[in-house]
Amino acid sequence: MNTHIFKTLTLGLALGTLALPVSAQQNDASRWVSDELTTFVRSGPTDGYRIVGTLTAGQPVTLLDTSGDYSQVRSESGDQVWVPSSELRDTPSASQQLPALRTKVEALTTELDGINETWENRTASMSETLEAREQRIAQLETRNQELEIAHDTISQKNGDLEARLETQKEDLLMRYFMYGGGVAGVGLLVGLIVPHLPRRRRKRDRWF
């Protein structure tokens, strides 16, 4: 939609300004017959002179003189005749401008097509780059979620291991207490029993 509007505006500006440079290239004596089908020309500068021929619409002529409402012109064939001044134009007629306008339009169309193609290629490249970045972002987000899940799993396992280690420490401590208590009990029991054991009497040594 934007490309179409851009083309239309550009072509309109080109068509509107094309007549100016064309007229600037002509000399002051250049004239063109108006866009009427034919224009009668006379042998003199009034309606009383006889008609000697016609000029076709858009035909270029050279202005030679002006008298009253008539202008003397020389046609491309070299004939010098008088034509009503109102039938002359200072700029080329539409029929004269049409080929140049067509050429200008074709050149502008080609240029705009090139601009449009370049813009479309750039847009496509930007879209591809954006799509690739979006895919990369999606991959990174997925990877981040996987890492978060792995972190949670490891944290849970670490908590379980710490709980088991704490339990094992308590069990080991309890065993130490039991072992130490047992040893102390046995020692106490031995200490209580030993004094009550019968003692063997020593034999007296005899001297001969």
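Conventions and cut-offs
- Residues numbered from 1 in each chain as written.
- Predicted model: local features only at pLDDT ≥ 70, side-chain atom pairs only at ≥ 80, totals over all residues.
- Heavy atoms only, no water.
- Salt bridge = Lys/Arg side-chain N within 4 Å of Asp/Glu carboxyl O.
- Helix = DSSP H or I, 4+ residues; strand = E, 2+ residues; numbered from the N terminus.
- Buried < 20%, exposed > 50% of the residue type's maximum accessible area, 1.4 Å probe, protein only.
- Pairing = 2+ DSSP bridges.

## Points about the pattern of salt bridges
The full count for this structure, using the stated rule, is 1 salt bridge. The shortest N-O distance in the salt bridge between E146 and R143 comes to 3.4 Å. Of the two residues, E146 and R143 are both situated in helix α2 (residues 94–193); the distance of 3 residues between them amounts to about one turn of the helix.

## Section: the pairing of strand β5 (residues 70–74)
Judged by how many residues are buried, β5 sits mostly within the fold: 4 of 5 residues are covered. In this sheet, β5 lies alongside strand β4 (residues 60–67) in antiparallel orientation, the contact comprising 5 bridges. Residue pairing for β5: T66 is matched across the bridge by S71. Two successive antiparallel strands, β4 and β5, enclose a turn made up of 2 residues, where G68 displays a positive phi of approximately 60°. Inspection of the sheet shows β5 paired to strand β6 (residues 80–84) by 5 bridges, in the antiparallel sense. Following the sheet pairing, S71 is matched in β6 by V83. The turn linking β5 back onto β6 is made up of 5 residues, and G78 within it adopts a positive phi angle of 100°.

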